[in-house]
Amino acid sequence: MDKKKFLDISLSVGLPIVLYAILFTPNLTPVHELTITTSGAVKTVLIEVFQIAIILAALIFGTKIKLADTGLYSFKIYDLLKVIFGLMTILIVFFAFNLIFACFGQQNDLKVKLQTSYLALAAMMLSVGYCEEFFFRVYAFESFRKYIDGRISAIISALLFCCGHFYEGFAAVIIIFFMRLGFQYLYKKYRSIHVLAIVHALFNVISTVISSSL
């Protein structure tokens, strides 16, 4: 194997794994209660913005993908219809699998305490949405796809995402896996990072508000 090909494989396969381990360190310890405060939300936004900058640099120099191809520079009013369709798709997957697991007595027992405004919560979730969608749905997926079949690449990127959610329990991980495949479908259909990130943020806000009200 020549040096150029070795470097290309390292950037396409190795670098995403390394960045994943650094930026999204998996938490395997079960968590039963999560508190979201205003200071925590602000801190999260700052961290996510920093991580987005790193991911964009890796995306540009590691995959040679043009940011224009991710839909970063375009978002039209009618794209809101795509957001609505995407959110409905993800919610259907979420509630369908929750119902299935509930029938077997398996439920996500993570409780959320919301101690901040909805505006701060929305800002936090939007930053999380852009960061995670840029990494898992675009960067990791496109990097792996250079040497792996697209469907396998989608599964691997979904599994990586799930590894960061073991703290929510087994049922949550399975549900999240199929939701991530749903997001990958939306990426293939729309090629719009804005649609993905907004749908992601809206889902997180909805699920957080519901969990905090239970």
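Reference entry: report on the structure contained in this document. Sequence order as written defines residue numbering, which begins from 1 separately in each chain. In keeping with the predicted nature of the model, local features appear solely for residues at pLDDT of at least 70, side-chain atom pairs appear and are counted solely at 80 or more, and the whole-chain, interface and lining totals rest on all residues. Note that the side-chain values use all heavy atoms of the structure and ignore hydrogens as well as water.

Some thoughts on the packing of aromatic side chains
- Pairing of aromatic side chains here covers Phe, Tyr and the six-membered ring of Trp, requires ring centres within 6.5 Å, and sorts the geometry by plane angle: under 30 degrees stacked, over 60 edge-to-face, intermediate tilted. Within this structure, the stated rule accounts for 15 aromatic pairs.
- What links up through ring pairs into an aromatic cluster is the set Tyr20, Phe24, Phe135, Phe136, Tyr139 and Phe161.
- Only when the NZ of Lys or the CZ of Arg is both within 6 Å of the ring centre and within 35 degrees of the ring normal is a charge said to sit over the ring. Its end group placed over the ring of Phe161, Arg137 keeps NZ or CZ at 5.5 Å from the ring centre.
- Above the ring of Phe161, the side-chain terminus of Arg180 is found at 4.4 Å from the ring centroid.

Overview of the nonpolar core
- What we call a nonpolar core is a set of buried Ala, Val, Leu, Ile, Met, Phe, Trp, Tyr and Cys residues that are connected through their side-chain atoms within 4.5 Å. Each residue's exposure class comes from its accessible area (1.4 Å probe, protein chains only) as a fraction of the maximum for that residue type: buried when under 20%, exposed when over 50%, partly exposed otherwise. Counting residues in each nonpolar core, the largest one holds 48 residues, and the members touching the most others are Phe24, Ile55, Leu59, Phe134 and Phe135.
- At the level of secondary structure, the elements contributing two or more residues to this core comprise helix 1 (3-23), helix 2 (38-63), helix 3 (79-103), helix 4 (118-145), helix 5 (150-163), helix 6 (170-190) and helix 7 (193-213).
- The contact criterion used is simple: two residues touch if any of their non-hydrogen atoms lie within 4.5 Å. In this view, Ile55 contacts Leu23, Phe24, Cys131, Phe134, Phe135 and Tyr139; residues no more than four positions away in its chain are not counted. The numbering of helices and of strands both runs from the N terminus, where a helix is a DSSP run of H or I of at least 4 residues and a strand a run of E of at least 2.

Quick notes on helix 2
- A helix is expected to span 1.5 Å for every residue after the first. Under the 1.5 Å per step criterion, the end-to-end length of helix 2 is 36 Å for 26 residues, consistent within 8% with the ideal 38 Å.
- Every buried residue of helix 2 is listed here: Ala41, Glu48, Gln51, Ile52, Ile55, Leu56, Ala58, Leu59, Gly62 and Thr63.

Brief notes about the packing of helix 6 against helix 7
- At a minimum axis separation of 10 Å, helix 6 and helix 7 run at an interaxial angle of 150 degrees. One way to sum up the angle between helix 6 and helix 7 is to call them roughly antiparallel. Our pair here, helix 6 against helix 7, has a crossing hand that is right-handed. Residues Met179, Arg180, Phe183, Leu186, Tyr187 and Tyr190 of helix 6 form the contact with helix 7, whose own contacting residues are Val195, Leu196, Val199, His200 and Phe203.
- Of the residues contributing to the contact of helix 6 with helix 7, the split by class is 9 nonpolar, 1 polar and 1 charged. The axes are straight lines fitted to the C-alpha atoms, using for helices just the contacting stretch, and the angles between their N-to-C directions are given from 0 to 180°. Here the word oblique covers every angle except those under 35 degrees (roughly parallel), over 145 (roughly antiparallel) and from 65 to 115 (roughly perpendicular). Each crossing gets its handedness from the near helix: less than a right angle anticlockwise from the far helix is left-handed, clockwise is right-handed. Asp, Glu, Lys and Arg are counted as charged, while Ala, Val, Leu, Ile, Met, Phe, Trp, Tyr, Cys and Pro are counted as nonpolar; the rest, among them Gly, fall into the polar class.

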